[in-house]
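As a plain string of letters, each chain reads:
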Amino acid sequence: MLSPIAFYSPIAIATEDEEKARKAKMSIIIERYKDRVSVLHKHKTWNNTHVYKYEGFWYHRGFWYQSNASFSIEAVMASQDGFQAQPTDVFLASHPKSGTTWLKALAFAIANRTKFNFGPNHPLRTICPHDCVPFIESEAFLNNPSYANGLMATHIPYTSLPKSIISCGCRIVYICRDPKDVLISSWHFMNKLIGNESTPIKLEDAFEYFSKGIITNGSFWDNVVGYRKASLERRGRPDTVLFLVYEEMKKDPKNEVKKLAKFIGHPFTKEEEAKRVVEEIIELCSFEKLSNASTNANDEREDTLSNEIFFRKGIVGDSVNHLTPEMIQILDRITRQKYEGLDIPI
Ligand code: PAP
């Protein structure tokens with residue numbers, strides 16, 4: 001039998017030849033979409049890089065950072081052209097830095113709770129959640145679509161999703177978070193990503209591009225609004241979008257985890273509740289447990305992101321320690337305007 005690592009993390013076991021094949025495949029994808037990308041509107045963003053506007057959202061081009069979690073405009077196009085969803089699939093959708101890693105871990109632990117007990121051999125004790133639930137627009141997935149197991153994730157906005165996800169009525173879980181905390185989390189993430197040798201991105205620049213929506217996968221608010229509208233339009237249908245909120249998950253994890261389990265087709269039985277299985281899953285997926293496990297699971301390839309980059313503080317409201325009152329006022333005003341009439345509890 002394959003070990004959980006071999007099964008869930010093809011990246012970690014890639015040989016040198018597989019690595020070469022992977023890079024060659026990515027180059028082919030970039031080449032395939034070169035002409036389509038070259039006519040798109042381009043704009044500078046934080047870190048002095050450029051993003052391109054595609055279907056109303058901004059993306060970097062080329063697989064600009066590697067690994068299991070790399071994205072690009074070409075990857076979005078390749079997913080749109082090639083991805084075939086099955087009606088039983090479940091998609092975890094989000095704007096980056098909204099709680100994706102946590103949601104992936106919870107959904108994975110819930111869906112696989114009869115396969116793995118919560119002891120030391122549970123995959124989440126040794127593997128980063130990003131290796132357990134692939135992004136459909138990531139390199140790992142584009143290279144190896146059989147890596148999915150029916151549970152997948154995406155940062156692609158609702159209106160740009162591959163058509164089959166919408167037409168075959170899959171279930172979608174969306175997680176959103178206070179934009180101020182998303183900005184601060186993204187800013188720290190970007191600075192870690194560019195490393196100590198580059199000039200750090202100034203908060204003022206991060207704020208400017210974030211509030212204008214000119215960041216990769218941005219605008220943040222438009223991403224949220226697309227999924228929120230879909231959740232309202234599809235309300236009452238089995239294929240509706242379950243709309244989760246990071247802050248509510250922090251406040252009442254038990255209730256939110258039960259909601260998630262029911263929605264993805266794995267509700268907890270009375271017996272499981274009595275045995276405190278919900279609490280065990282919450283503990284397994286806690287910030288502390290996941291960040292320790294993921295850090296230990298780092299893989300040595302130099303173009304792979306270090307897992308600890310996905311874990312920083314994992315708290316609500318850290319943005320007040322960074323943003324000025326004026327910045328907070330502006331971000332709150334944009335949020336009120338964008339979310340008007342959509343009943344988004346943030
Ligand atoms: P991604 O888009 O790169 O996958 P994502 O997981 O959506 O990132 O967001 C990362 C944030 O979730 C980080 O927030 P912070 O910078 O404000 O700390 C990260 O710490 C937080 N996070 C990761 N795992 C958990 C967890 N188990 N519980 C709560 N927050 C978490």
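Here the structure is shown first, and the text comes after it.
This write-up is about the structure you can find in this document. The shown structure was predicted, so the numbers you read here are calculated from the model rather than taken from an experiment.

Another point: the overall build of the chain. Along the chain, the regular secondary structure elements total 17 helices and 7 strands. Looking at the chain as a whole, 55% of its 346 residues qualify as buried. By sequence separation, contacts in the chain at least 24 residues apart represent 73% of the contacts at least 6 residues apart. Counting every atom, the chain has about 15,800 Å² of accessible surface; 52% of that belongs to carbon and sulfur.

Right, let's talk about the sheet that holds strand β6 (residues 171–176) for a bit. The sheet built from 4 strands is open, its strands ordered β5-β4-β6-β7 with parallel pairing. Looking at strand neighbours, the two that pair on one side only are β5 (151–154) and β7 (241–245), the edges of this open sheet. Mean inter-strand twist for the sheet, computed between neighbouring axes without regard to direction, equals 20°. The sheet strands contacting helix α11 (residues 220–233) are β4 (90–94), β5, β6 and β7, and the helix crosses β7 at an angle near 130°. Against the sheet, helix α13 (residues 253–263) contacts β6 and β7, and its axis sits at roughly 165° relative to β7.

Here we take up the sheet that holds strand β1 (residues 42–44). Across the sheet, which stays open at both edges, the 3 strands sit in the order β1-β2-β3 with antiparallel pairing between neighbours. With partners counted over all chains shown, the strands left at the sheet margins are β1 and β3 (57–59), one partner each. Adjacent strand axes in the sheet meet at a mean angle of 40° when their direction is disregarded. Where strand β2 (residues 50–54) meets β3, 3 bridges bridge the pair, whose relative direction is antiparallel. For K53, the partnering residue across the bridge sits in β3 and is W58.

To continue, consider unusual backbone geometry. Residue S219 is reached from G218 by a cis peptide bond, and omega for that bond is 10°. In this structure, K97 takes a positive phi of about 75° despite not being glycine. Take K97: it is sitting in the loop between β4 and α5 (100–111). Non-glycine residue N217 carries a positive phi angle of around 70°. Within the element layout of this structure, N217 appears in the loop between α10 (203–212) and α11.

With that settled, the discussion passes to the site of the ligand. Close contacts around the ligand come from 21 residues, with K97, T100, T101, S185 and K313 the closest. A distance of 2.9 Å separates an oxygen atom of the ligand from a polar atom in the backbone of G99. One of the side-chain nitrogen or oxygen atoms of S185 is found 2.6 Å away from an oxygen atom of the ligand. Breaking the shell around the ligand down by element, the ones donating at least two residues are α5 and α16 (287–296). Broken down by element, the shell around the ligand gets its largest block of residues, 3 residues, from α5. Split by residue class, the shell around the ligand holds 8 nonpolar, 9 polar and 4 charged.

A word on the packing of α11 against helix α17 (residues 325–338). Between α11 and α17, the shortest axis-to-axis distance is 10 Å and the interhelical angle comes to 25°. Here α11 lies roughly parallel to α17, going by the angle between them. Crossing hand, α11 versus α17: right-handed. Of the residues in α17, those touching α11 at W221, D222 and V225 are L331, I334, T335 and K338. Looking at the contact of α11 with α17 residue by residue, the class counts come to 4 nonpolar, 1 polar and 2 charged.

The rules behind the values
- Residues numbered from 1 in each chain as written.
- Predicted model: local features only at pLDDT ≥ 70, side-chain atom pairs only at ≥ 80, totals over all residues.
- Heavy atoms only, no water.
- Helix = DSSP H or I, 4+ residues; strand = E, 2+ residues; numbered from the N terminus.
- Buried < 20%, exposed > 50% of the residue type's maximum accessible area, 1.4 Å probe, protein only.
- Contact = heavy atoms within 4.5 Å.
- Areas by Shrake-Rupley, 256 points an atom, 1.4 Å probe, with all protein chains shown as cover.
- Pairing = 2+ DSSP bridges.
- Axes fitted to C-alpha atoms, helices over the stretch in contact; angles between N-to-C directions.
- Near = heavy atom within 4 Å.
- Polar contact = N/O pair within 3.5 Å; in protein donor to acceptor, adjacent residues only side chain to side chain.
- Nonpolar A, V, L, I, M, F, W, Y, C, P; charged D, E, K, R; others polar.
- Parallel < 35°, antiparallel > 145°, perpendicular 65-115°, else oblique.
- Left-handed = near helix turned anticlockwise from the far one by under 90°.

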